[in-house]
Amino acid sequence: MSPIAFLDNGRTDTQLQRSYRACRTLNARHGKTFFLATRLLAPDQRPAIHALYGFARRADDILDDIDPSRPVTERAARLTALATQFTTEDADADAVLPAVLHTAHSYRIAASLFDSFLESMRMDLTVTDYPDRRALDHYVYGSAEVIGLQVLPVLGTVCPVDEAAPYAAALGKAFQLTNFLRDVDEDLVRDRVYLPADELAAHGVDRDLLLWCQAHRRTDARVRRALIAQHAHTRGIYDYARAGIALLDPRSRPCVTTALTLYSEILDRIESLDFDIFAHRARVGIPRRVTVGTRGLAAAVRSRSRVGGAMKPTGTQPLRPLR
C-alpha cells in the first residue's frame, strides 16, 4: 500500500501523525546535535528530517542495542525484517515506517538510497576492519553519504538537485568520518576499527597497537601521527562540502551551516586534546552549542522572512507538520 493510498483511509491521519512523533522523539533522544540543527529548519521541513533520522536510528538500534552475546543471526534477521517491511511498504509493521514511507514518496527519494543504507548496516554485522580507503568508502557511502542525499530534497535547492548532490553526500561523509575519529576507543570495545588499515600501517599502526593505547589510556606517537593524517583528510571533506551550502534553499542554509560548524568543531576538540582520544572524549560544550545555535536561529528567522527561489519538492507533504 503506497503512502498516497495510506492517506485516504479512515485511520491515516492519526497513525501518520503518531509515526512522525515517534521519529521526532528518537531524534531528540539520540541525535542531540543533529536535533538542535533541525530546529532551525522551517516547521514544514522538520517532520521529514525526523522520519529519515528515525529509520536510520531503528537500524542502528538493531545493530547495537541487542545483547552482543546473542547470535549475529538474530540481528541479521531483524535487519532483514526491517528491510522487507520497508520494501513491501508494510506501514503497520513498525512505528517509524508510516512516516518514513510517506516522506520517501512525498519527496521522491530513490529507493536505491535506502537499499545502500541497509547494505552498509548489514556489513556492520560481520565486518570489523577495512583494509583500505576504497573499502571504507564503500561502507561510508551507504552509512552516511546516502543520508545526505536523502535529506537533500527536503532541504531544497536553488539549482538542479544533481548539482548539489555531491556536496550533500560529502557532508554526510564528513560527519561520519568525524565520528570514526572521535569514537576509536568506543568502536574498539565493539571490536570495530573504522580507519583504513593500510593508511594506519603507513605509520606503524595496527589493531594491536590501538588496543594497547586503549588498555593504557594514552595515545602512542605512531597512533597520533596516523590520527593526524585522518584528521587532515576529514578537514578536506568539510572544506569541499561547505561550498555546497550556497546551492541550498536559503531557508535551509542556517540549519546546515550550524550542523557543519558544530560537527567540524569536534575535530577542533580532538586536535586540542593532542589526539588523546583514549583518555578523553571530544565534545563541543553546551555553551558553544548554544552560541552557534542562537546565531543559526537568527539567520533562520531572517531567511524565512525573505522570498526564496528554491526548487520546491514534488509530491504530497507531511500532514500538519509537528514542531
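See the structure printed just above.
Residues numbered from 1 in each chain as written. Predicted model: local features only at pLDDT ≥ 70, side-chain atom pairs only at ≥ 80, totals over all residues. Heavy atoms only, no water.

1. Here's the deal with the overall build of the protein chain
Working step 1: From N to C terminus, the protein chain includes 15 helices and zero strands.
Working step 2: Looking at the protein chain as a whole, 51% of its 323 residues qualify as buried.
Working step 3: In the protein chain, 73% of the contacts between residues at least 6 apart in sequence involve partners at least 24 apart.
Working step 4: Total accessible area computed for the protein chain in this model is approximately 14,400 Å², and 55% of it derives from carbon and sulfur atoms. (Helix = DSSP H or I, 4+ residues; strand = E, 2+ residues; numbered from the N terminus. Buried < 20%, exposed > 50% of the residue type's maximum accessible area, 1.4 Å probe, protein only. Contact = heavy atoms within 4.5 Å. Areas by Shrake-Rupley, 256 points an atom, 1.4 Å probe, with all protein chains shown as cover.)

2. Quick look at unusual backbone geometry
Most peptide bonds take the trans configuration, and most residues that are not glycine carry a negative phi.
Working step 1: Not every positive phi belongs to a glycine, and E89 is a case in point at roughly 55°.
Working step 2: Examined against the element boundaries, E89 turns out to sit in the loop between α5 (72–87) and α6 (97–106).
Working step 3: The phi angle at R217 is positive, at roughly 55°, despite the residue not being glycine.
Working step 4: Looking at the secondary structure, you find R217 in the loop between α12 (207–216) and α13 (221–242).
Working step 5: Here R217 falls in the partly exposed class, since its relative accessible area comes to 39%.

3. Concerning the environment of A202
Working step 1: Mapped onto the elements of the fold, A202 is located in the loop between α11 (197–201) and α12.
Working step 2: With 20 residues separating them in the primary sequence, A202 and R222 have C-alpha atoms 9.5 Å apart.

4. Re α13
Working step 1: The end-to-end C-alpha separation of α13 is 31 Å, in line with the 32 Å expected for 22 residues at 1.5 Å each.
Working step 2: When we look at burial in α13, the residues that qualify are V223, A226, L227, Q230, H231, T234, I237, Y238 and A241. Projected down its long axis, α13 carries its buried residues within an arc of 140°, all on one side.
Working step 3: In this fold, the buried residues of α13 make contact with α8 (133–155), α9 (161–182), α11, α12 and α14 (253–272).
Working step 4: The N-cap residue of α13 is D220: its side-chain oxygen and the backbone nitrogen of R222 are 2.7 Å apart. (Expected span 1.5 Å × (residues − 1). Arc of directions from axis to C-beta. Polar contact = N/O pair within 3.5 Å; in protein donor to acceptor, adjacent residues only side chain to side chain.)

5. Observations concerning the packing of aromatic side chains
Two aromatic rings are characterised by how far apart their centres lie and by the angle between their planes.
Working step 1: Going through the model one piece at a time under the given rule, you end up with 12 aromatic pairs.
Working step 2: Taken together, the ring pairs in this structure connect F55, F86, F114 and F117 into an aromatic cluster. (Phe/Tyr/Trp six-rings, centres within 6.5 Å; stacked < 30°, edge-to-face > 60°.)

Nothing here speaks to function; it is all geometry.
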